[in-house]
Amino acid sequence: MEWTKEQRYRTMDEVSKEEIEALAKQVNRCPWRQSFHIQPVTGLLNDPNGFSYFNGEYHLFYQWFPLGPVHGLKHWYHTKSKDLVLWENVGMAIKPSNEFDCHGVYSGSGIEHDGKLYFMYTGNTRDDEWVRHPFQCLAVMSPDGSIVKMEEPVIKEVPRGYTDHFRDPKVWKNGDHFYAVIGAQRENETGSVVLYRSWDLKDWQFAGEVKTGLDEGFGYMWECPDYFELDGQGIFLFSPQGLKAEGDSYQNIYQSGYVVGSPIDLEEIELKHGPFHELDHGFDFYAPQTTVDHLNRRILVGWMGLPEIDYPTDKHGWAHCLTIPRELTVKEGKLVQHPVAELTLLRGEKVETSQKVENESICLDNFEGDVYELQAEFSESTAEEFGLELRVGENEKTVIKYDAVAKKVVFDRTETGQSFGEEYGTVRKCKLEAEEISFRIFVDVSSVEVFVNDGEEVFTGRIFPGENSNGISVFARGGHTNVKAVKWDLK
Ligand code: FRU
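Now for a look at the structure at hand.

**Quick notes on the sheet that holds strand E6 (residues 116-123)**
Part 1: As summarised here, the arrangement of the 4 strands in space is E5-E6-E7-E8, forming an open sheet in which the pairing is antiparallel. On the outer flanks of this sheet lie strand E5 (105-113) and strand E8 (147-149), each paired with one strand and no other. Adjacent strand axes in the sheet meet at a mean angle of 25° when their direction is disregarded.

Shown next, in the form of structure tokens:
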């Protein structure tokens, strides 16, 4: 179905209760609804927004177009949790309502101040010629959960030298000041990030463009920037659009990744850092956002999806979900990502096995499932390649393996079930030099998240297998390997 501009930009006031209920019914009949991931009640979810720990709970919002699986008039939808595992759908949080955000309440962040949670987000507007005019706006949430928008935007102008691609403020506090990074596009259509400074979150001064060591032309736009310090180092995370595929890297339509360096110099507005690393080597990952919680953990959530690709759930009236939360640590100039410890709360029935596998594929009989956590440790391998097949059924399987000759981890969804996004390839790889390989895998009804060697590398992907494709196999080719596998059903 073609969505017209009028259909994409209807406000919720124009939509009847019956229409929404009919859509929700359609969505709930979809066989690919997730069981432990945040997913939209109806319509399309994209970026995580406003991720914060506030008043004893985690609050996580997302970009939301309620009326269908397309990008249209964006709202913020609110979910919250006490443990990062069980999320409560709170409901609509911020909707377009005035001349500064009438074409979308776009992405932004949350920060606690004076006992309230402040959200700074981009108000997207379009004029009669459909030209964008972005504003940076504030909304404030009280401990009782009520959210009030500030009437006037806090940043009304795009600074000189930049285009109207200017959005996604991420705020943090350093000493007496608040700082915000905002994704920007220079007039020569190259991506960059700018810094603002404020005493009170309301009055913002442009500080300048952040100088980085990345080449000019490292993408044409940097979306969803995020800056934080971890273990004394400065980490700058962003989602550059326009990087060309290069070897195994940058295979998706858009990328997201980070650089690690010394803490940002807030006077010189400069970041000295090492190379750019992709955060996730899978197929469906974009626009991640982090927060720091009361336990001082730095936690990241991403959008498990990408723009401009049709997904098999579209015809059921919804699209996308968020990733599980990952705790970040830094090791030798790279981020390590661990599923947050609380995820073990989901564990139900457990099965385990130890096998020697040699030039064969062994189906693990009692290991069937479609919603589970699986840990597999491979040791004493001589095999050229070894790994796992998940969601195995007639002519279907999702493969996660180690190619010991090329020293690469491989995620292959060529035969995963219903195909989609194939124009971007069906195999993802990343280099990993290691003697021993372990996979910790979270499988939900229509997704796989693989943490390799304790979170050194991560692969995330949606999959759409048939309902009966639930087998799990281990295999080794060109030699043998020992595998110890443990699986928990997830509740
Ligand atoms: C990233 C993004 C952001 C923007 C939002 C709109 O996916 O394009 O830059 O704020 O989505 O939904």
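**A few points about the pairing of strand E12 (residues 204-209)**
Part 1: As defined by bridge partners, strand E11 (residues 191-198) adjoins E12 across 5 bridges and the pair is classed as antiparallel. Considered in E12, the bridge of Val194 is made with Glu209.
Part 2: The turn linking E11 back onto E12 is made up of 5 residues, and Leu201 within it adopts a positive phi angle of 75°.

**Thoughts on the sheet that holds E12**
Part 1: Pairing within the open sheet is antiparallel, and its 4 strands lie in the order E9-E10-E11-E12. If you trace the sheet from one side to the other, it starts and ends with strand E9 (162-174) and E12, each paired once. Going across the sheet, the axis of each strand differs from the next one's by a mean of 30°, ignoring polarity.

**Considering the side chain of Gln63**
Part 1: Along the chain, Gln63 turns up in strand E2 (residues 57-65).
Part 2: A polar contact of 2.9 Å, which involves the side chain of Gln63, links it to the backbone oxygen of Val105.
Part 3: Residue contacts for Gln63: discarding those within four places in its chain leaves Leu44, Leu45, Asn46, Asp47, Asn49, Lys74, His75, Trp76, Val105, Tyr106 and Ser107.

**A closer look at the pattern of salt bridges**
Part 1: Applying the stated rule across the entire model yields 24 salt bridges.
Part 2: Two residues, Lys82 and Glu57, come together in a salt bridge whose shortest N-O distance is 3.1 Å. Separated by 25 residues along the polypeptide, Lys82 in the loop between strand E3 (75-81) and strand E4 (88-94) and Glu57 in strand E2 bring together distant segments of the chain.
Part 3: By relative accessible area, which is 63% here, Lys82 ends up exposed.
Part 4: Residue Glu57 is classed as buried on the basis of its relative accessible area, which comes to 12%.

Calculation rules
- Residues numbered from 1 in each chain as written.
- Predicted model: local features only at pLDDT ≥ 70, side-chain atom pairs only at ≥ 80, totals over all residues.
- Heavy atoms only, no water.
- Pairing = 2+ DSSP bridges.
- Helix = DSSP H or I, 4+ residues; strand = E, 2+ residues; numbered from the N terminus.
- Axes fitted to C-alpha atoms, helices over the stretch in contact; angles between N-to-C directions.
- Polar contact = N/O pair within 3.5 Å; in protein donor to acceptor, adjacent residues only side chain to side chain.
- Contact = heavy atoms within 4.5 Å.
- Salt bridge = Lys/Arg side-chain N within 4 Å of Asp/Glu carboxyl O.
- Buried < 20%, exposed > 50% of the residue type's maximum accessible area, 1.4 Å probe, protein only.

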